Amino acid sequence: MIIWKMLPLLIVVLSLSSCMSQSDPVTVVEEKSEISLPAPHFKGDVSVEEAIKNRRSMRDFRDTSLSLEHVSQLLWAGQGITEGFKRAAPSAGATYPLTLFVVVGGSGVEELNAGIYQYIPESHELLLVREGDYRERLAAACLSQLFIREAPISIVVVALYEKTTARYGERGIRYVHMEAGHAGENIYLQAEGLNLGTVVVGAFVDAEVQSVLGLPEELIPLYVMPVGFPR
Ligand SMILES: Cc1cc2nc3c(=O)[nH]c(=O)nc-3n(C[C@H](O)[C@H](O)[C@H](O)COP(=O)(O)O)c2cc1C
């Protein structure tokens, strides 16, 4: 657990060289900085049935900032702790191989600077991993699906397969993919409940998304989910 919580620091160290070789204006964070998220709400204005009925993939985002409450609610729905150590989405053997990252654009979220943040479910906090607006690079990594550049945030679902394959062997690979689907659908439905829109993006170059987030090679991105107000 301690090693896992030190992941952002590890990411920073591993990514320093590749980042410095690219002449972009972003700054790599040298000291981890934690941001508390507001507590999630457990009641909303939209029923589960309405959210399922109305959910559509949305790719046309308004240039309107999200609040920290929005971010809190979306991350909680995807991977938040709901009871004991158990999370909002089911996980084979409760092995929890997924981590959520948030790519925040300039004025994408009130109260947050542009940057890349890692969600820590246990403390319901964000850890700043990189500073700067990475949306352009993320969109390029996703085969130039340019709506990613326009969304105020993108949530990136990342897997550490080893957590699940250590127990289930090869079969664990399919379990991790199933789990990403569960987390993705939770985020879709929560977005609907907040009158936001999103889409799961699976078409991207893994190594390029890893480079944007500064991930070590064993952390594999599975979904990129831009989120924002529908236009
Ligand atoms: C595994 C997976 C990968 C997807 N990848 C992309 C993608 O890269 N870009 C995109 O615009 N939509 C992507 N989608 C969204 C689908 O296009 C969308 O779900 C489909 O058109 C059905 O529309 P609906 O989600 O509104 O019901 C993906 C969906 C899934 C399940």
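No experiment lies behind these values; they were computed from the predicted model shown.

Trainee: What should I look at first to understand the overall build of the protein in this one?
Mentor: Counting its regular elements, the protein contains 9 helices and 9 strands. Counting only residues that meet the buried cut, the protein has 52% of its 231 residues in that class. Contacts spanning at least 24 positions in sequence make up 74% of the contacts within the protein whose residues lie at least 6 apart.

Trainee: Whenever I open this one, the packing of helix α4 (residues 68-79) against helix α8 (residues 171-193) confuses me. Can you help?
Mentor: The relative placement of two packed helices comes down to the angle between their axes together with the axis-to-axis distance. Packing of α4 against α8 brings their axes to within 7 Å, and their N-to-C directions diverge by 150 degrees. In terms of their interaxial angle, α4 and α8 are classed as roughly antiparallel. As for the relative orientation of α4 and α8, their crossing is right-handed in sense. For the pair formed by α4 and α8, the contact residues are Gln73, Leu74, Trp76, Ala77, Gly78 and Gln79 on the first element and Glu179, Ala183, Asn186, Ile187, Gln190 and Ala191 on the second. Its residues assigned to classes, the contact of α4 with α8 comprises 6 nonpolar, 5 polar and 1 charged.

Trainee: Explain the nonpolar core to me, please; I cannot follow it from the model alone.
Mentor: By size, the foremost hydrophobic cluster in this structure holds 62 residues, and its most contacted members are Leu75, Leu126, Ile153, Ile155, Val156 and Leu213. Beyond its immediate chain neighbours, meaning those up to four positions away, isoleucine 153 contacts Leu66, Leu74, Val102, Val103, Val104, Val109, Met225, Pro226 and Val227.

Trainee: I keep staring at the confidence of the model for the protein and nothing clicks. Help me out?
Mentor: Detailed reading of the predicted coordinates is not advisable wherever pLDDT is low. Per-residue confidence for the protein gives a mean pLDDT of 90; residues scoring 70 or more make up 86%. Counting interchain partners and residues more than four positions distant, the pLDDT-below-50 stretch residues 1-26 has 39 contacts.

Trainee: Which parts of the structure should I look at to understand the environment of glycine 80?
Mentor: If you trace the backbone, glycine 80 turns up in the loop between α4 and β2 (81-83). Between the C-alpha atom of glycine 80 and that of glutamate 122, which follows or precedes it by 42 residues, the distance is 7.7 Å. Apart from residues no more than four positions distant in its own chain, glycine 80 is found in contact with Leu75, Lys86, Arg87, Ala88 and Tyr119.

Calculation rules
- Residues numbered from 1 in each chain as written.
- Predicted model: local features only at pLDDT ≥ 70, side-chain atom pairs only at ≥ 80, totals over all residues.
- Heavy atoms only, no water.
- Helix = DSSP H or I, 4+ residues; strand = E, 2+ residues; numbered from the N terminus.
- Buried < 20%, exposed > 50% of the residue type's maximum accessible area, 1.4 Å probe, protein only.
- Contact = heavy atoms within 4.5 Å.
- Axes fitted to C-alpha atoms, helices over the stretch in contact; angles between N-to-C directions.
- Parallel < 35°, antiparallel > 145°, perpendicular 65-115°, else oblique.
- Left-handed = near helix turned anticlockwise from the far one by under 90°.
- Nonpolar A, V, L, I, M, F, W, Y, C, P; charged D, E, K, R; others polar.
- Core = buried A, V, L, I, M, F, W, Y, C linked by side-chain atoms within 4.5 Å.
- pLDDT = per-residue confidence, 0-100.

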